[in-house]
Each structure stands twice: as C-alpha cells, then as structure tokens.
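Structural overview
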Amino acid sequence: MLKGKVLDALNSQLNHEFHSAYHYLAMECYFRSENLKGFAHWARHQYEEECEHALKIYSFIHDRDGKVKLDLIAQPPEAWESPIAAVEDAFCEEQSASEMINNLVDLALAERDHATDIFLRWFVERQVEEESHVGDILNKVQMIGDDKYGMFLLDRDLG
Ligand code: MG
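First things first, this report covers the structure right here in the doc. Note that the structure is a prediction, hence the values are computed from the model and not measured. (Residues numbered from 1 in each chain as written. Predicted model: local features only at pLDDT ≥ 70, side-chain atom pairs only at ≥ 80, totals over all residues. Heavy atoms only, no water.)

**Points about unusual backbone geometry**
One non-glycine residue with positive phi stands out, namely Asp 65, at about 60°. Looking at the secondary structure, you find Asp 65 in the loop between helix H2 (37-63) and helix H3 (83-110). Residue classification places Asp 65 among the exposed residues on the basis of a relative accessible area of 55%. Positive phi is not limited to glycine here, since Arg 112 has a value of about 55°. Tracing the sequence through the fold places Arg 112 in the loop between H3 and helix H4 (114-144). (Helix = DSSP H or I, 4+ residues; strand = E, 2+ residues; numbered from the N terminus. Buried < 20%, exposed > 50% of the residue type's maximum accessible area, 1.4 Å probe, protein only.)

Structure below.
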C-alpha cells in the first residue's frame with residue numbers, strides 16, 4: 001500500500017503532470033493566435049502526452065491502494081514574447097520535470113519502495129526523450145531566428 005512521503009510525492013507529480021499538460025495547452029492557444037498551426041499541433045500532441053503521464057500516475061496510486069489527491073492546477077502563461085520564448089519555456093519545463101522525477105526516484109529508493117522505483121523508470125526514459133525532442137525544436141527555432149521563411153518551413157514540418 002502506498003502511503004507517507006512516497007504517496008505525497010506521487011500526488012505532487014500527478015499535479016505537476018497536469019500542470020505541464022495545461023502549460024502545453026496554453027501554448028497551443030498562443031501558437032494558434034500567431035497563426036503557427038504546425039507548432040500548435042505539436043503543442044497539442046505534447047498536451048496529450050502529459051495527460052497520459054498524469055493518468056499513469058493516477059492509476060498507479062489506485063493500483064497500490066493509495067489515496068489520489070487532486071489539487072489546484074497552477075495557471076499557465078497566457079502568451080509568450082515570441083515562439084522562441086515559448087519553446088525555451090517548454091524546454092525549461094521539461095528539465096524541471098526531469099528533476100522532479102529524479103528526486104522521486106531518490107525518494108522511492110530511500111524508502112525502499114521498489115515497486116515505485118520500477119514504475120518510475122518509464123518516466124525517466126520518457127524525460128530523456130522529451131528533453132532531446134524539445135531541445136531539437138529549440139535548436140531549430142534559435143537557428144531560424146527572425147527568418148520568416150525558416151519559420152514557415154519549421155511550422156510545416158511540425159504540422
Ligand atoms: Mg510529463
């Protein structure tokens with residue numbers, strides 16, 4: 001049965017995954033408002049993945065007879081200064097999500113909760129992929145800078 005610090009930390013992670021989802025959904029709105037439909041499509045896909053992460057944790061807590069705590073989800077930004085700023089923000093969010101997962105693994109090991117440790121490995125792998133994936137897009141938007149044609153091509157690729 002899940003309880004104590006590990007349960008609290010998993011509930012915090014659940015909330016954080018929903019926050020990440022919300023953050024990407026806000027990005028979809030922003031990219032749509034900038035007429036970047038490919039970027040919007042990408043942000044929507046990221047939103048769906050973050051929901052999947054949240055629901056995975058939700059099910060794991062239930063499977064181990066823990067109590068799910070659904071907390072307030074922090075408000076995401078309404079807009080970003082530029083598409084580059086938005087992608088930079090997504091990259092920082094992914095880095096902090098990785099940090100949270102790593103801390104959670106440390107806690108699970110310290111508490112000798114091997115089931116949680118094994119469960120979290122999937123998240124450790126996902127975060128490696130996410131950081132690399134968002135990092136790639138960040139490199140591209142930084143390379144493109146103010147070049148409108150470059151943005152047009154990247155937007156088309158992301159769509
Ligand atoms: Mg996630």
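On we go from here.
**Considerations on the coordination of the magnesium ion**
Ideal geometry at a metal gives 109.5 degrees between four tetrahedral donors and either 90 or 180 degrees between six octahedral ones. Surrounding the magnesium ion are the protein donor atoms Glu 17 (OE), Glu 50 (OE) and His 53 (ND1), at 2.1 to 2.2 Å. Sequence positions of the donors to the magnesium ion reduce to the motif E-x32-E-x2-H. Pair noted here: Glu 17 is in helix H1 (residues 4-33) and Glu 50 is in helix H2, with a separation of 33 residues, a long-range link. Accessibility classification places Glu 17 together with Glu 50 in one group, the buried group. (Donors = N, O, S within 2.8 Å, 3.2 Å for Na, K, Ca; no water.)

**Observations concerning the packing of H4 against helix H5 (residues 148-158)**
Relative orientation and spacing of two packed helices are given, respectively, by the angle between their axes and the distance between those axes. Where H4 meets H5, the closest approach of the two axes is 9 Å, and the angle between their N-to-C directions is 160°. As summarised for this structure, H4 and H5 are arranged roughly antiparallel, according to the angle between their axes. Remark: the crossing between H4 and H5 carries left-handed chirality. Listed contacts from H5 to Ile 137, Lys 140, Val 141 and Ile 144 of H4 are Gly 150, Met 151, Leu 154 and Leu 158. Of the residues assigned to the contact of H4 with H5, the class counts are six nonpolar, one polar and one charged. (Axes fitted to C-alpha atoms, helices over the stretch in contact; angles between N-to-C directions. Parallel < 35°, antiparallel > 145°, perpendicular 65-115°, else oblique. Left-handed = near helix turned anticlockwise from the far one by under 90°. Contact = heavy atoms within 4.5 Å. Nonpolar A, V, L, I, M, F, W, Y, C, P; charged D, E, K, R; others polar.)

**Quick look at H5**
Within H5 the residues assigned to the buried category are Gly 150, Met 151, Leu 154, Asp 155 and Leu 158. Relative to the axis of H5, the buried residues are bounded by an arc of 130° and lie together on one face. Away from its buried face by more than 90 degrees, H5 exposes Tyr 149, Arg 156 and Asp 157. Of the surrounding elements, those touching the buried residues of H5 are H2, H3 and H4. Sitting at the amino-terminal end of H5 is Asp 147, which places a side-chain oxygen 3.1 Å from the backbone nitrogen of Tyr 149. (Arc of directions from axis to C-beta. Polar contact = N/O pair within 3.5 Å; in protein donor to acceptor, adjacent residues only side chain to side chain.)

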